[in-house]
Amino acid sequence: MKTLFVTATDTDAGKTAISAAILYGLKSQGKSCLGYKPIAAGAAEHNGVLVNDDARALADNSSVAVSASDINPVCFAPPIAPHIAAEQGNQQIDLAAIDQHFAQLNGKHPTEFQLVEGAGGWRLPLNLAGETLADWPARRHWPVILVVGLKLGCLNHALLTVEAISQDDCHIVGWIGNTVDPNMSVKEQNIASLHALLPAPCLGIVPHLDNPSPVHIWPHLEVGLSKI
Ligand SMILES: Nc1ncnc2c1ncn2[C@@H]1O[C@H](COP(=O)(O)OP(=O)(O)OP(=O)(O)O)[C@@H](O)[C@H]1O
Ligand SMILES: C[C@H](N)[C@H](N)CCCCCC(=O)O
Ligand SMILES: [Mg+2]
């Protein structure tokens with residue numbers, strides 16, 4: 001049983017697109033896998049239940065039969081910073097409850113791989129008392145995959161993120177460059193800089209795709225992912 005935590009340089013860097021593709025790839029290789037979205041902000045009500053699109057994509061690409069709400073214990077309707085959404089609803093985000101929910105889900109659906117998608121970037125605040133979502137993978141010492149959203153500014157964001165991950169005693173198994181900006185200037189030189197500066201292997205570079213669905217993303221990750 002191996003749990004991987006997927007974080008990114010920022011929100012909208014491609015964590016969900018990449019995580020769904022990795023699940024799709026593992027499943028197509030005959031491996032059992034489960035996606036998990038502990039905290040989501042941005043959801044619509046379906047039959048009285050709040051459903052988040054990230055959770056739906058991860059559930060749909062898991063090898064076990066789970067729904068979006070099964071794999072997403074904390075879900076807020078507005079697409080805003082989760083701790084602010086929590087405050088608006090007079091709620092608190094409880095990492096111990098999330099940890100317990102994840103353990104129960106794994107008990108019910110044992111799989112070889114679990115892929116946990118963060119929310120926003122590594123230090124996503126859970127409250128104003130200093131807790132962040134990073135506390136969970138840090139406590140569990142889960143290996144981390146860093147998705148670098150390739151756009152101007154990503155070098156600084158990537159370096160700060162790896163610094164924070166190492167400070168938390170977590171290990172980055174690799175980074176994935178995801179072309180969120182189709183018109184990025186000197187993209188190849190930026191990728192070369194990431195290769196030189198990041199202390200982890202590159203697991204793949206995903207081009208900007210008209211249809212960034214798992215079947216189209218996975219071929220760009222298959223070789224790199226086979227190494228972890
Ligand atoms: N390689 C790509 N080519 C084109 N579009 C992409 C690519 N990767 C991601 N996208 C699109 O960019 C947007 C943001 O991606 P995604 O939702 O995966 O980001 P995220 O990091 O999961 O964001 P969040 O912090 O909200 O969870 C989505 O509309 C997605 O379809
Ligand atoms: C709504 C958005 N797509 C994400 N789900 C939440 C991103 C929160 C970012 C918070 C922050 O670090 O400023
Ligand atoms: Mg996402």
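Residues numbered from 1 in each chain as written. Chains lettered and ligands numbered in written order. Predicted model: local features only at pLDDT ≥ 70, side-chain atom pairs only at ≥ 80, totals over all residues. Heavy atoms only, no water.

A closer look at the UniProt feature "active site" (unreviewed entry) in the chain
And then number 1: Taken from the UniProt record, the annotation "active site" (unreviewed entry) applies to Lys37.
And then number 2: Here Lys37 shows up in the loop between β2 (33-36) and β3 (39-41).
And then number 3: Not counting residues within four places of it along the chain, the set of residues in contact with Lys37 comprises Asn52, Asp54, Ala55, Leu58, Ile71, Asn72, Pro73, Glu117, Gly118 and Ala119. (UniProt positions renumbered as here; feature names shortened; annotations may be inferred. Helix = DSSP H or I, 4+ residues; strand = E, 2+ residues; numbered from the N terminus. Contact = heavy atoms within 4.5 Å.)

Considerations on the site of ligand 2
And then number 1: Taken together, Thr11, Ala41, Pro79, Ile80, Ala81, Pro82 and Leu124 make up the full set of residues adjacent to ligand 2.
And then number 2: A distance of 3.3 Å separates a nitrogen atom of ligand 2 from a polar atom in the backbone of Ala41.
And then number 3: Considered on its own, ligand 2 offers 390 Å² of accessible surface; in the complex 62% of this is hidden by protein.
And then number 4: When atom positions are compared with the pocket grids, ligand 2 is found to occupy the largest pocket.
And then number 5: Residues belonging to the shell around ligand 2 are distributed by class as follows: six nonpolar, one polar and no charged. (Near = heavy atom within 4 Å. Polar contact = N/O pair within 3.5 Å; in protein donor to acceptor, adjacent residues only side chain to side chain. Areas by Shrake-Rupley, 256 points an atom, 1.4 Å probe, with all protein chains shown as cover. 1 Å grid on protein atoms, 1.4 Å probe; cavity = no way out; pocket = protein on both sides within 12 Å on 5 of 7 lines; lining within 4 Å. Sits in = over half its atoms within 2 Å of the grid points. Nonpolar A, V, L, I, M, F, W, Y, C, P; charged D, E, K, R; others polar.)

Some details on the layout of surface pockets
And then number 1: Approximately 700 Å³ is the volume attributed to the largest pocket.
And then number 2: What lines the largest pocket is a set of 35 residues, among which Thr11, Asp12, Ala13, Thr16 and Asp54 lie closest to the centre.
And then number 3: For the lining of the largest pocket, the elements supplying multiple residues, two or more each, are α1 (15-28), β3 and α2 (53-61).
And then number 4: Split into classes, the residues belonging to the lining of the largest pocket amount to 18 nonpolar, 10 polar and seven charged.
And then number 5: Put simply, the second largest pocket is a space of about 160 Å³.
And then number 6: Lining the second largest pocket are His83, Ala86, Glu87, Gln91, Gln92, Ile93, Leu126, Asn127, Leu128 and Glu131.
And then number 7: Counted by class, the lining of the second largest pocket contains four nonpolar, four polar and two charged residues. (Points joined across faces, edges and corners; volume = space filled by probe spheres on them.)

Focus on the coordination of the magnesium ion (ligand 3)
And then number 1: Donor atoms from the polypeptide that bind the magnesium ion (ligand 3) are Thr16 (OG1), Asp54 (OD) and Glu117 (OE), placed at 2.0 to 2.2 Å.
And then number 2: Sequence spacing of the donor residues for the magnesium ion (ligand 3), all on one chain, is T-x37-D-x62-E. Here Thr16, found in helix α1, pairs with Glu117, found in strand β7 (residues 113-117); they are 101 residues apart in sequence, far enough to count as distant.
And then number 3: Thr16 sits in the buried class, given a relative accessible area of 17%. (Donors = N, O, S within 2.8 Å, 3.2 Å for Na, K, Ca; no water. Buried < 20%, exposed > 50% of the residue type's maximum accessible area, 1.4 Å probe, protein only.)

Quick notes on the pairing of strand β10 (residues 202-206)
And then number 1: Where strand β9 (residues 172-178) and β10 come together, four bridges link them in parallel fashion. Following the sheet pairing, Trp175 is matched in β10 by Cys202. (Pairing = 2+ DSSP bridges.)

A look at the site of ligand 1
And then number 1: Close to ligand 1 lie 17 residues; Thr11, Lys15, Thr16, Asn178 and Leu209 are nearest.
And then number 2: More than half of the atoms of ligand 1 fall within 2 Å of the grid points belonging to the largest pocket.
And then number 3: Residue contributions to the shell around ligand 1 peak at three residues, all from α1.
And then number 4: Each residue belonging to the shell around ligand 1 can be placed in one class, and the counts come to six nonpolar, six polar and five charged.

Observations regarding the packing of aromatic side chains
And then number 1: What the rule picks out here adds up to six aromatic pairs.
And then number 2: When the ring of Tyr36 is compared with that of Phe102, the centres are 4.6 Å apart and the planes differ by 55°; the resulting orientation is tilted. Within this pair, whereas Tyr36 is found in strand β2, its partner Phe102 is found in helix α4 (residues 95-108), the two being separated by 66 residues in sequence. Across the pair, Phe102 and Tyr36 agree in class, each one buried.
And then number 3: The interplanar angle of 85° and the centroid separation of 5.4 Å between the aromatic rings of Phe102 and Trp136 together place this pair among those described as edge-to-face. Of this pair, Phe102 sits in helix α4 while Trp136 is found in helix α5 (residues 135-140), placing the two residues 34 residues apart along the sequence.
And then number 4: Connected via pairs of aromatic rings, a cluster forms that spans Tyr36, Phe102, Trp136 and Trp142. (Phe/Tyr/Trp six-rings, centres within 6.5 Å; stacked < 30°, edge-to-face > 60°.)

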